[in-house]
Amino acid sequence: MLPEFLSVTDDPTLKELNGTGLAGTYDFDDEGVPAERVVAVENGVLKNFLMSRMPITNFSHSNGHGRRQPGLMPTGRQGNLIVTSTKSVSDSELHAKFVEEIKKQGKPYGLYFEDIQGGFTLTQRALPQAFQVIPVMVWRVYADGRPDELVRGVDIVGTPLLSLNNIILTGDKLQVFNGICGAESGQVPVSAAAPAMLFSEIEVQKKNKGTDRPPLMPPPGSDQNPAPLTEKAAVKTPSKAEAQERGKAKP
């Protein structure tokens, strides 16, 4: 299900990784089962599932991953998910391979996703298996050596197995993400660690933009509003000279 140089484990017993504390750490899951390190994918081959006490075919026992938000039913969930690679290079080599792949495909540029905000995956059998990732920093990297150019309004989309099999190389440094994962058993704290990855191809789409027209007037109390016209400001008080002139004009 993955390139043979990639493996995926989940280890809730880890407290930290490369000096970074992990949010998905726990000693016992929400069903009272001791946390276990699980090798989910080994050298690209699916080996195991993250299991709660609910059995599935050929996997009858929990491995300490039954997790839930209070009030919901536990299901098999991520703790500290770690992706490792046996085909990794330094950051500078990875960038050079990136430019080489752009030239090889005859493209004018490639996209470098420096940071992401999060995303979601559809996993129910009644729905298409698809994902969407929301980047916050994307660069257009030109093959001819021009300076990188910031790109706005891009989301990553696709189907998981097809996209993941387009990984051709990884970096040699694990980067850690701590956050909250939402699923059928609610919101739980998780961690994920993975190296930078070079994809031969990935699908993107434009971000959704609102079509509502902006209001015609600024909100009340904002600095854009003119100062209210008070009674004092509305009445012009005559000067002494003007008063004298008016007095002379009287019959």
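What counts, and where the lines are drawn
Residues numbered from 1 in each chain as written. Predicted model: local features only at pLDDT ≥ 70, side-chain atom pairs only at ≥ 80, totals over all residues. Heavy atoms only, no water. Helix = DSSP H or I, 4+ residues; strand = E, 2+ residues; numbered from the N terminus. Buried < 20%, exposed > 50% of the residue type's maximum accessible area, 1.4 Å probe, protein only. Lys, Arg positive; Asp, Glu negative; His and termini not counted. Salt bridge = Lys/Arg side-chain N within 4 Å of Asp/Glu carboxyl O. Expected span 1.5 Å × (residues − 1). Arc of directions from axis to C-beta. Contact = heavy atoms within 4.5 Å. Polar contact = N/O pair within 3.5 Å; in protein donor to acceptor, adjacent residues only side chain to side chain. Pairing = 2+ DSSP bridges. Axes fitted to C-alpha atoms, helices over the stretch in contact; angles between N-to-C directions. Phe/Tyr/Trp six-rings, centres within 6.5 Å; stacked < 30°, edge-to-face > 60°. Lys NZ or Arg CZ within 6 Å of the ring centre and 35° of its normal.

Another point: the side chain of Glu101. Residue position: Glu101 is located in helix α1 (residues 91-104). Of the side chains with opposite charge, Lys104 comes closest to the buried, unpaired Glu101, at an N-O distance of 4.3 Å.

So, about unusual backbone geometry. What you tend to see is this: most non-glycine residues have negative phi, and most peptide bonds are trans. Even without a glycine there, the phi angle at Asn43 is positive, about 50°. Among the secondary structure elements, Asn43 is positioned in the loop between β4 (38-42) and β5 (45-46). The backbone of Asn58 shows a phi angle near 70°, a positive value even though the residue is not glycine. As for its placement among the helices and strands, Asn58 is situated in the loop between β5 and β6 (66-67).

Okay, α1 next. Over its 14 residues, α1 runs 20 Å from end to end, which matches the ideal 20 Å to within 8%, given 1.5 Å per residue. Taken as a whole, α1 has its buried residues at Leu94, Phe98, Val99, Glu101 and Ile102. Mapping the buried residues of α1 onto a view down its axis gives an arc of 160°, with all of them on the same face. Seen from the open side of α1, the exposed residues pointing more than 90 degrees away from its buried face are Ser92, Lys103 and Lys104. Residues of α1 that are buried in the fold lie against β9 (88-89), β10 (109-122), β11 (130-142), β14 (167-171) and β17 (197-199). Among the residues trailing α1, Gly106 stands out with phi positive, at a value near 70°.

Okay, the pattern of salt bridges next. Two side chains with opposite charge may pair up if their charged atoms get near one another. Summed over the entire model, instances satisfying the criterion amount to 5 salt bridges. The shortest N-O distance in the salt bridge between Arg146 and Asp144 comes to 3.0 Å. The class of Arg146 is partly exposed, set by a relative accessible area of 44%. When its relative accessible area of 53% is taken as the criterion, Asp144 is described as exposed.

Another aspect to go through is the side chain of Ser62. As for its placement among the helices and strands, Ser62 is situated in the loop between β5 and β6. At 3.1 Å, the side chain of Ser62 and the backbone nitrogen of Gly64 are in polar contact. Apart from residues no more than four positions distant in its own chain, Ser62 is found in contact with Asp29, Val33, Glu36, Met51, Ser52 and Arg53.

A word on the sheet that holds β17. Taken together, the 3 strands give an open sheet; going across it, the order is β9-β14-β17, and neighbouring strands pair in mixed fashion. Pairing within the sheet leaves two strands with one partner each, and these edge strands are β9 and β17. Pairing between β14 and β17: 3 bridges, direction antiparallel. Looking at the pairing, Thr170 lines up with Met197 of β17. Its contacts with the sheet put α1 on β9, β14 and β17, and the angle it makes with β14 is roughly 155°.

Evaluated as defined, the whole model comprises 2 aromatic pairs. Relative to Phe59, the ring of Phe49 has its centre 5.0 Å away and its plane inclined at 90°; by these criteria the two rings are edge-to-face. Of the two residues, Phe49 sits in the loop between β5 and β6 while Phe59 sits in the loop between β5 and β6, which places them 10 residues apart along the sequence. In this structure Phe49 comes out as partly exposed when scored by relative accessible area, which is 34%. For Phe59, a relative accessible area of 23% puts it in the partly exposed group. Plain terms: the ring middles of Tyr109 and Tyr142 are 5.9 Å apart, the flat faces sit at 70° to each other, and that makes the pair edge-to-face. With Tyr109 in strand β10 and Tyr142 in strand β11, this pair connects stretches of sequence that are 33 residues apart. Classification of Tyr109 as partly exposed rests on a relative accessible area of 34%. Arg140 extends its terminal NZ or CZ atom over the ring of Tyr109, reaching a point 4.6 Å from the ring centre. Here the basic side chain of Arg146 rests over the ring of Tyr142, its NZ or CZ set 3.8 Å away from the ring centre.

Note that all results are geometric; they support no functional claim without further evidence.
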